[in-house]
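Spelled out from the first residue to the last, the chains are:
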Amino acid sequence: KVLCATGIVAGFLAFFWKDPFNPESLSGARVLLTGASAGIGEQMAYHYARFGAEIVLTARREAVLQKVRTSLYEGRHRRFGLLPKQQQQISCQHDKFSFGTVEQNQLRGLDYLVLNHIGVTRFQMWAGDVEYTRWLMQVNFFSYVALATAALPTLEKNKGSLVVVSSLIGKIPTPFTTSYSATKFALDGFFSSLRHELIMQKRNVSITLCILGLIDTDAALENIRGKVHLTASPAPEAALAIISGGAMRMQEVFYPWWLQYTCCLWVLFPYNRDQVLQSYYNYSSP
Ligand code: NDP
C-alpha cells in the first residue's frame, strides 16, 4: 500500500512539476520567427533579443520590420546586457513562401522555428467567400506545414523545437470565425499527429502548440470592437508564455493559464455550453 501510494504521489509530481523556464537557455539560440512586424510576434522578437538569441524575423512589410529591427539594435529591450549577435529581417509573404529564401540568409542552422503569422482575419458571419477561406488556409496552415517540413532536418540535427501559435478558437469553435477557426483546428490536427510520429521515430524535435485567448494586439482589438464582450490579455505576456513553453519543450501552452480548464469543461459539460458562449457575442438577427 505504501509503495502504491508513493507511486501515485510520484506520478502526480512528475506530471505537474516542470523545471522552471531558464532564459539563459536561449542565449545564442538560433530562432526563425514569422509574423514579427506587429502584435505578439513583435513582442516575441523583443523577448528573444533580451535573452540573447540570434533571430531572423519575417513579415511582408519591410519598412515595419525595419522599425522592429532598429528598436532591437537600440537595445531598448535588453535586460540581460546581451546584444544579439545576429538579427535579420526578411520581407516575405507566406502565401508565396519558400524556405530557401531563409536558408540563403545566413541562418547557420536553426534551434527554434516559431510559426506565428496569420493572414488578414475577418470577424464576421459567414458570407460564402470560399476563395477567401482557401487563401487563409494557404497562409495560416499550408505555409506552416511547408516551413516546418523544410526546417525539420535542421531542427533534428540541433535537437530543436517547433513552436506553433494557435488559438482557443482552434479548440473551441466560436461565432464570426469560420475560416480562421478552420485553419487553427487544422494546425492542431496536423502538428499533434506529427508530434506522435516524431516521438515514435525517436526524432528529437519538440512541437509546442500554443493556445491563446484574446490578446490586446491592434489587429485583434480592431476586429472584435463592438462584437464581443471579452477582456484581452497583454501581448508581451502572451509572447513570453509562448517562448518559455517552447524552451521547456512543452506539448501545449495555454495563455492565460486557465484556458486549459475552459477546454476541459467544454468537453465535460456539453449541455447549454453553446448558449453560454453565444451570450458573449453582440448580434441581433435581422
Ligand atoms: P497580427 O495581425 O498583429 O500580426 C500578424 C503578423 O503576421 C504581422 O507581423 C504581419 O506582418 C504578418 N503577416 C500577415 N500576413 C502575412 C503573410 N501573408 N505572409 C507573411 N506574414 C504575414 O497578429 P497577432 O499578433 O494578433 O497574432 C499572432 C498569432 O497569435 C497568430 O497566429 C494568431 O492566430 C494568434 N492568436 C492571436 C490572438 C489575439 O487575440 N491577438 C488570439 C489567439 C491567437 P505584415 O503585415 O508586415 O506581413
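Scroll up for the structure.
Residues numbered from 1 in each chain as written. Predicted model: local features only at pLDDT ≥ 70, side-chain atom pairs only at ≥ 80, totals over all residues. Heavy atoms only, no water.

As for unusual backbone geometry
In step 1: Put simply, Tyr255 and Pro256 share a cis peptide bond, and its omega is -5 degrees.
In step 2: Its place among the elements puts Pro256 in the loop between β7 (252-255) and α9 (259-268).
In step 3: The backbone of Lys159 sits at a positive phi, close to 50 degrees, despite the residue not being glycine.
In step 4: Along the chain, the position of Lys159 falls in the loop between α5 (130-157) and β5 (161-167).
In step 5: For Lys159, a relative accessible area of 53% corresponds to the exposed category.
In step 6: The phi dihedral of Phe176 falls on the positive side, at around 70 degrees, and the residue is not glycine.
In step 7: What makes Phe176 buried here is its relative accessible area of 9%. (Helix = DSSP H or I, 4+ residues; strand = E, 2+ residues; numbered from the N terminus. Buried < 20%, exposed > 50% of the residue type's maximum accessible area, 1.4 Å probe, protein only.)

Regarding the environment of Gly52
In step 1: Along the chain, Gly52 falls in the loop between α2 (39-50) and β2 (54-59).
In step 2: Between the C-alpha atom of Gly52 and that of Gly28, which follows or precedes it by 24 residues, the distance is 5.8 Å.

Structural notes on the pattern of salt bridges
In step 1: If you walk through the whole model with that rule in mind, you get seven salt bridges.
In step 2: Notably, a salt bridge pairs Arg122 with Asp129, separated by 3.1 Å at the nearest N-O pair.
In step 3: A residue is classified by how much of its surface remains accessible, and Asp129, at 29% relative accessible area, is partly exposed. (Salt bridge = Lys/Arg side-chain N within 4 Å of Asp/Glu carboxyl O.)

Observations concerning the environment of Gly119
In step 1: Residue placement: Gly119 occurs in the loop between β4 (112-115) and α5.
In step 2: Separated by 84 residues in the primary sequence, Gly119 and Gly35 place their C-alpha atoms 9.5 Å from one another.
In step 3: Those residues in contact with Gly119 that sit more than four places away from it in its chain are Trp135, Leu136, Val139 and Asn140. (Contact = heavy atoms within 4.5 Å.)

Observations regarding the packing of aromatic side chains
In step 1: Applying the stated criterion across every chain yields a total of eleven aromatic pairs.
In step 2: Here the aromatic cluster, defined as three or more aromatic residues joined through ring pairs, consists of Phe123, Phe176, Tyr281 and Tyr283.
In step 3: Above the plane of the ring of Tyr132 lies Arg122, whose end atom (NZ or CZ) is 3.9 Å from the centre. (Phe/Tyr/Trp six-rings, centres within 6.5 Å; stacked < 30°, edge-to-face > 60°. Lys NZ or Arg CZ within 6 Å of the ring centre and 35° of its normal.)

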